[in-house]
Amino acid sequence: MKRTTLTPKLICTALLAVGLLTASAARSAMATRDWQGDDTKFWGNDRNWYGGDMPTGSMQANFGSRFGSGGDQPTVGSGYFYLNQIKVGSGNDKAVTITLNGQLRINADSDASGVGIMMSAADEKLTFDGEGTLKINSSGSGDTSEWRVTGTGDLEVRMETLELAGASLNVNVGSGRSVKISSAIEGSSAIVKNGTGNMSFIDEGTARANTNTGLFTINSGIVYLNQSSTNTTIVSNIDITDGELSLTQNDQIKDTSAITLTGGTFHTNGKTETVGSILLNASDAKLDGTGGSLTVTGGVDARSGTINTDLVGGTTLAKTTGGTVTVNAGGLVSGDILVEAGLLDYDSTTGITSNVSISGGEMDLATSLGSGGAISVTGGLLSYNGGTELTSISFTSGSIGGSGDVNLGGVTLGSSQTLAPGNSIGSQTISGISELDGATYELEFGLGLAQNNDKLTIEGDVALTALTIDLYTMLDTDTRGNMDGFDQSQNYVWEDVLTITGTVTGTVDNITLDTTNVTDSYSGEFSIVDAGGGAYDLEYNIPEPATMSLLALGGIAMLKRRKK
């Protein structure tokens, strides 16, 4: 191995390199300038900064104990000043108000670790006031400036203009803290709300309209929109991943804005609002606000979540993917409803006055149709559980179930139509069936249950031409599977599985049983029997011993004939 001898020249070179690295590291650290306000209140006067050096460039302006000892409040005059960070530090016992008559620029770069306003040690409030501009600059692609309000002081931004010039703004508000903004926000950069504290857009003096078009994201906490309805508080698209967007005035959002909820709540608070579109896309996503009226011109793409507010102005709702969407008692959908996949649980107490189209998935309906409402079922399942008879239904294929009365208006049910009474085991009455000609009845049954089988009642005269009954054994009233307590050596009867109240044309022989979905092992025979008076029972019987002997003898005779 070659050995290297350290000469005095090499040692000097090494020491010089270390010195250069140390100096470079020192330069990369952000320098701090403490405001003391000795002479005047002007930001640009060096004598107002401890050590006589005004912060500029990659520096921090600190309002700490020196300011708290009696320094004047700073004013930014004409022209502009720039730095990396404003900090309200520890030891400051009074509020800080920075009056902007010119422009104060905060650079979003690595020297400040992306934190443009630091209030993590603040004891008192920081306010930006005046007729000037607070500008968030970008020093490179993808820069973010953070407002970290996590101490015990709040932040209020009420000067004329807040300009987002390329850098996105991360407003991080700690628990119990607040950020209030009344400035006109300009630019095209994103705004992100983090932290469990609150953020409010308010009017302070003259109302100012915002024009910033960058995406507005809420990750936690509550954001209140509380500006005059003559202005538009949010003109961009909105993403809510958690937390809440809450209206406290009417008409706060641009009519074309798209709102995406992958969590959290959009709360109308009884206010009136119009937006372009809404994507509801998480089980904990919610449209809320009893008494509010929300118009969504492009409709609601309802994939998963809850609706508990009035969707007015002809707002449509489309359920085209898996997942469950619940429209609660306080909700209303005024426009057309489309169900193609998943579950739409419509529990609203207000009657549907629009068209409902079900081609897949399931709609669980707990209300009746109002004036002008109509339902078309071409696939999927309509489960009706309302208190009045449901009419105005076009049923061409798919399934109808539930516990509410349904009138189909006098139709023939063929091979593409299925009746599935109850919500799992339950009862249903259906009228308006003139003929059963190939239709299917999904019959669920079990043992030891309060109601141990489905009961389907068909009112009126029916031609029983062909009906297939698919049998489904139930572990309990909600779960399909092996019957609890079933003994295949015993006989069982499940009564009134089907009742036809009028005249029946056709016999029980026109009913076919499909036992594919009977999961219990059994050696007997399932059959549908005519119990008289239009009632039909499901029976399970074990053949008598004599019958078994005859069957055995017949089998022996067949074997003898085969051996000849």
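These figures come from a predicted structure and were not determined experimentally. (Residues numbered from 1 in each chain as written. Predicted model: local features only at pLDDT ≥ 70, side-chain atom pairs only at ≥ 80, totals over all residues. Heavy atoms only, no water.)

Draft legend 1. Looking closely at unusual backbone geometry. The phi dihedral of Asp251 falls on the positive side, at around 50 degrees, and the residue is not glycine. Locating Asp251 in the fold gives a position in the loop between β22 (244–247) and β23 (258–261). Even without a glycine there, the phi angle at Ser392 is positive, about 55 degrees. With respect to the element layout, Ser392 can be found in the loop between β34 (374–384) and β35 (393–395). (Helix = DSSP H or I, 4+ residues; strand = E, 2+ residues; numbered from the N terminus.)

Draft legend 2. Region of the structure containing the pattern of salt bridges. Enumeration over the complete set of coordinates arrives at twelve salt bridges. Across the salt bridge formed by Asp53 and Arg33, the nearest N and O atoms sit 2.8 Å from each other. On the criterion of sequence distance, the pair formed by Asp53 in the loop between β1 (31–34) and β2 (59–63) and Arg33 in strand β1 is long-range, its members being 20 residues apart. Residue classification places Asp53 among the partly exposed positions, given a relative accessible area of 33%. One salt bridge in this structure joins Arg148 and Glu146, with 2.9 Å as the shortest N-O distance. By relative accessible area, Glu146 is classed as buried at 10%. In this structure, a network of salt bridges that share partners links the residues Lys125, Asp129, Glu156 and Arg158. (Salt bridge = Lys/Arg side-chain N within 4 Å of Asp/Glu carboxyl O. Buried < 20%, exposed > 50% of the residue type's maximum accessible area, 1.4 Å probe, protein only.)

Draft legend 3. Here's a closer look at the pairing of strand β40 (residues 455–459). Residues Leu456 and Ile458 line the buried face of β40, whereas the alternating positions Lys455, Thr457 and Glu459 sit on a face that is not buried. Sheet topology places strand β39 (residues 427–445) next to β40; five bridges connect them, and they run parallel. The residue of β40 that forms the bridge with Gln428 is Leu456. (Pairing = 2+ DSSP bridges.)

Draft legend 4. Focus on the sheet that holds strand β13 (residues 161–165). Reading across from one edge, β4-β7-β10-β13-β16 is the order of the five strands in this open sheet, with parallel pairing throughout. Looking at the sheet topology across the chains shown, the edges are occupied by β4 (80–83) and β16 (184–187). The mean inter-strand angle of the sheet, taken between neighbouring strand axes irrespective of direction, is 20 degrees. Note that strand β10 (residues 133–138) and β13 share four bridges and pair parallel. By the bridge assignment for β13, Lys135 is matched with Glu163. (Axes fitted to C-alpha atoms, helices over the stretch in contact; angles between N-to-C directions.)

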